[in-house]
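Coordinates in review
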Amino acid sequence: MVAGNWKMNLTLQEAIDLAEQIASRLKDSTEASTPIVLCPPAGYLQAVSSITKEIRGLYTGAQNCHQEVSGAYTGEISVAMIQSCGAEYVILGHSERRAYFHEDNILLSKKVKRALAQGLKVIFCCGETLPERESEKHFDLVKQQLQEGLFHLSEEEMSLITIAYEPVWAIGTGVTATKEQAQEMHAFIRSLLREIYANSVADNCSILYGGSCNPKNAKELFEQEDVDGGLIGGASLKAEDFLAIIHSL
Ligand code: PGA
C-alpha cells in the first residue's frame, strides 16, 4: 500500500485537482493489486472519494475518527460520517494526533475498535521520538503502542489493519530513517505480530514506512523485506512525487 496523508493542507479545489491528477495517471495502471489511499482533510472526503471510486485500487481515507457512534462531540467526525462520504480507510494514532491532541494508546484502542466494528479499515501509526531512540527505548515504545493500541483485536480484526511505522524524528524533517533502521523495526513489528497471531496474519499484514519518504529514497526503503509500502506526508501533495513513490513499490 501507498497512502498519502494530506494533513491540514489544500483548498477544496486544490484537493480535487490533486485527486484527479493521481486518478488519471493510475487509470491504465496494472498495479491495482497495490492499494493507493488518499487521505484528505475531513471536509473533502466526499469530493475526493467521488474521484477515487472510479479507479480500481484507489481509495479514500480519513485522518481521524471519534470513538463514539454519534452524539454531542462538537468538531468531531464519526465512522458513519466518514463512510457516508465514501471513504474506506482511517488513519489512527498519527504522532501529530498523539502529540497535539493528546491521544493515548487507550483512547486509540477504542477508536480502532469503533472503526473496525463499523467496517472502516485502519492504518495504525506507531513510532518513537528522537530522545526515545537515543536512549534505546524505541523497541519498547513501539511494542507498547502496538500492545495497548492494537493487540486486543481478534485475528479477524487484525487482518483489517495496516501498520505504519513512522519515527517522529523523521516526520516532515527531511531526515529519513536508513533502510537498515526501517527494516530492523519492521521486522520487529512483524515478530510481535507472530507472537500473538497466526503466521498468516503476520505475513499478510502490510507494514508501511513513513517519515520524509520521497521519490529519491522510496525505492531503497520499499526494497527491504519487511517494508510493504509507505505513508507519505509532504510528498503526497505533489502528484508527480506521489506517483513516483507509488511506482517505486
Ligand atoms: P512526511 O509525513 O512524509 O511529510 O514526513 C509523513 C506522515 O506524517 O505521515
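A brief report on the enclosed structure follows.

About the thresholds
Residues numbered from 1 in each chain as written. Predicted model: local features only at pLDDT ≥ 70, side-chain atom pairs only at ≥ 80, totals over all residues. Heavy atoms only, no water. Salt bridge = Lys/Arg side-chain N within 4 Å of Asp/Glu carboxyl O. Helix = DSSP H or I, 4+ residues; strand = E, 2+ residues; numbered from the N terminus. Buried < 20%, exposed > 50% of the residue type's maximum accessible area, 1.4 Å probe, protein only. Contact = heavy atoms within 4.5 Å. Arc of directions from axis to C-beta. Axes fitted to C-alpha atoms, helices over the stretch in contact; angles between N-to-C directions. Parallel < 35°, antiparallel > 145°, perpendicular 65-115°, else oblique. Left-handed = near helix turned anticlockwise from the far one by under 90°. Nonpolar A, V, L, I, M, F, W, Y, C, P; charged D, E, K, R; others polar. Near = heavy atom within 4 Å. Polar contact = N/O pair within 3.5 Å; in protein donor to acceptor, adjacent residues only side chain to side chain. Areas by Shrake-Rupley, 256 points an atom, 1.4 Å probe, with all protein chains shown as cover.

1. Things to note about the pattern of salt bridges
- Tallied over the entire structure, the rule returns twelve salt bridges.
- The shortest N-O distance in the salt bridge between K7 and E96 comes to 2.8 Å. Taken together, the residues K7 in the loop between β1 (2-5) and α1 (12-26) and E96 in helix α4 (residues 95-100) connect sequence positions 89 residues apart.
- A relative accessible area of 24% places E96 in the partly exposed class.
- With its nearest N and O atoms 2.9 Å apart, the salt bridge here joins E103 to K111. When sorted by exposure, E103 lands in the same class as K111, which is buried.

2. Observations concerning helix α12 (residues 239-248)
- For α12, the complete set of buried residues consists of A239, F242, L243, I245, I246 and S248.
- At its buried positions, α12 is contacted by β1, α1, β2 (36-39), α11 (218-222) and β8 (230-232).

3. Some details on helix α2 (residues 45-52)
- Listed in full, the buried residues belonging to α2 are L45, V48, S49, I51 and T52. Mapping the buried residues of α2 onto a view down its axis gives an arc of 155°, with all of them on the same face.

4. With respect to the packing of α1 against α12
- Running from N to C, α1 and α12 point in directions that differ by 40°, and their axes come no closer than 10 Å. With respect to their mutual orientation, α1 and α12 come out oblique. Classified by chirality, the crossing of α12 by α1 is right-handed. On α12, the residues that touch L18, Q21, I22, R25 and L26 of α1 are A239, E240, F242, L243 and I246.

5. A look at the packing of α1 against α2
- The contact between α1 and α2 brings their axes to 9 Å, and the two run at 15°. The orientation of α1 with respect to α2, classified from their angle, is roughly parallel. You can see that α1 and α2 cross each other, and the crossing is right-handed. Every residue of α2 that contacts α1 at L12, A15, I16, A19, E20 and A23 is listed here: A47, V48 and I51.
- Tallied by class, the residues present in the contact of α1 with α2 amount to eight nonpolar, no polar and one charged.

6. What about the site of the ligand?
- The ligand sits among 13 residues. The nearest are K7, H94, E166, G172 and S212.
- A distance of 2.7 Å separates an oxygen atom of the ligand from a polar atom in the side chain of K7.
- One of the backbone nitrogen or oxygen atoms of S212 is found 2.7 Å away from an oxygen atom of the ligand.
- For the ligand, the protein covers 95% of the area, taking 280 Å² as the surface of the free molecule.
- Here the shell around the ligand is built from residues that sort into four nonpolar, seven polar and two charged.

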